[in-house]
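Structural characterization, general
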Amino acid sequence: MSAKKTKESKAEKNFENIGEALTTSEQFLEKNQKIIVTGLLIVIALVGAFLAYHYLHKTPRAEKAQAALFKGERYFQNGDDSLALFGNGNDYIGFESIIDRYKGTKTADLARAYAGISYSRMGNNEKALEHLKKFKGGDLLITPAVTGAIGDVYMNMGQADQAINNFLKAAKEANNEMLSPIYYKKAGEAYLSKADYDKAIEIFTQIKETYLNSPESREADKFIQQALFLKENN
């Protein structure tokens, strides 16, 4: 058989195979047409539901939550913690209601942080911890602030060890020249309160050597001298 005839024979077989494959595919589509169409409709419905939820429900809901929180932030900044938490009975519903009404939004999560600090300032340590510990966070500034606030609550409760753990954690989470020395200072003061003078000296020395341009660094020597004095006289 010549090379030309061989090529023609192979080509014919290829066309036959392609034809068989197309026939098989057509038969499959005919046989399973209802299942395929149903599957496509389900996919379209799911995509449509997601888009509708995102644009018609989730986005407007988040915007309403942010508008509500804005008024609460003003009360919070002015130290009106009760109004910030429970609303003014008029045009502001309060952090507690924002948390419940807009559950699952980032705004509701931030309202938890505000609520926890407000309760702490009002002396309700249990409610403060309840909210602060549920805060999910992720923000590079807010997350260490909340961790530090938990430390403050534990100090108010007389639990210095728990406070120190949170202050040190907050300092590491912040990892910057502005916030880290603040939380290390709080940890150092907590060590002083529990008469662990060596640890206090270690912390304030770290602040002095690592955060040279911070206000905490400039007053570190004062705390080191205090710790040395107390160590020698106790």
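As a starting point, this report considers the structure included with it. Note that the coordinates shown come from a computational prediction; the quantities given were computed from them, not determined experimentally. (Residues numbered from 1 in each chain as written. Predicted model: local features only at pLDDT ≥ 70, side-chain atom pairs only at ≥ 80, totals over all residues. Heavy atoms only, no water.)

Some words on the packing of helix 8 (residues 160–174) against helix 9 (residues 180–193)
Here is the rule we go by: Inter-axis angles, ranging from 0 to 180 degrees, are taken between N-to-C directions of lines fitted to C-alpha atoms, where helices are fitted over the stretch in contact. The way it works is that DSSP assigns letters per residue, a run of H or I at least four long becomes a helix, a run of E at least two long becomes a strand, and they are numbered from the N terminus. For this classification, under 35 degrees means roughly parallel, over 145 means roughly antiparallel, 65 to 115 means roughly perpendicular, and everything else is oblique. The crossing is said to be left-handed when, going from far helix to near helix, the turn is anticlockwise and less than a right angle, and right-handed when the turn is clockwise. Contacts were defined at the residue level, with two residues in contact if any of their heavy atoms lie within 4.5 Å. Here the nonpolar group is Ala, Val, Leu, Ile, Met, Phe, Trp, Tyr, Cys and Pro; Asp, Glu, Lys and Arg are the charged ones; every other residue, Gly included, is treated as polar.
It is at 8 Å that the axes of helix 8 and helix 9 come closest, and there the two elements cross at 160°. By the criterion of interaxial angle, the relationship of helix 8 to helix 9 is roughly antiparallel. Note that helix 8 runs across helix 9; the crossing there is left-handed. Contacts from A160, I164, F167, L168, A170, A171, K172 and A174 of helix 8 reach helix 9 at S180, Y183, Y184, K186, A187, A190, Y191 and S193. By residue class, the composition of the contact of helix 8 with helix 9 is twelve nonpolar, two polar and two charged.

Quick word on the pattern of salt bridges
Rule in force here: Any carboxyl oxygen of Asp or Glu that lies within 4 Å of a side-chain nitrogen of Lys or Arg is treated as forming a salt bridge with it. The buried label goes to any residue with under 20% of its type's maximum accessible area, the exposed label to any with over 50%, and the partly exposed label to all in between, with areas taken from a 1.4 Å probe on protein chains only.
The final tally for this structure, using the stated rule, is ten salt bridges. In this structure, E202 engages K199 in a salt bridge whose closest nitrogen and oxygen atoms are separated by 3.8 Å. Taken together, the residues span about one helical turn, with E202 and K199 both in helix 10 (residues 197–210) at a distance of three residues. On the basis of relative accessible area, E202 is assigned to the partly exposed category, the value being 45%. For K199, a relative accessible area of 34% corresponds to the partly exposed category.

Notes on the packing of helix 6 (residues 125–134) against helix 7 (residues 142–156)
In a pair of packed helices, the angle between the axes and the distance between the axes together describe the arrangement. Where helix 6 meets helix 7, the closest approach of the two axes is 10 Å, and the angle between their N-to-C directions is 160°. Classified by the angle their axes make, helix 6 and helix 7 are roughly antiparallel. As for the relative orientation of helix 6 and helix 7, their crossing is left-handed in sense. Touching N125, A128, L129, L132 and K133 of helix 6 are V146, A149, I150, V153, Y154 and N156, all from helix 7.

Describing unusual backbone geometry
One non-glycine residue, N175, lies in the positive phi region at around 50°. Structurally, the position occupied by N175 is in the loop between helix 8 and helix 9. Residue classification places N175 among the exposed residues on the basis of a relative accessible area of 65%. The phi dihedral of A195 is positive, around 60°, even though this residue is not glycine. Looking at the element boundaries, A195 is found in the loop between helix 9 and helix 10. With relative accessibility at 45%, the residue A195 sits in the partly exposed group.

Some details on helix 7
Heads up, the rule is: In this scheme, a helix's expected span is set at 1.5 Å multiplied by one less than its residue total.
The end-to-end C-alpha distance of helix 7, which contains 15 residues, comes to 21 Å, matching closely the 21 Å that a straight helix rising 1.5 Å per residue would cover. Within the span of helix 7, buried status applies to T143, P144, V146, T147, G148, A149, I150, G151, V153 and Y154. On its buried face, helix 7 sits against helix 5 (106–121), helix 6, helix 8 and helix 9. Positive backbone phi, approximately 80°, marks G158, located one or two places after helix 7.

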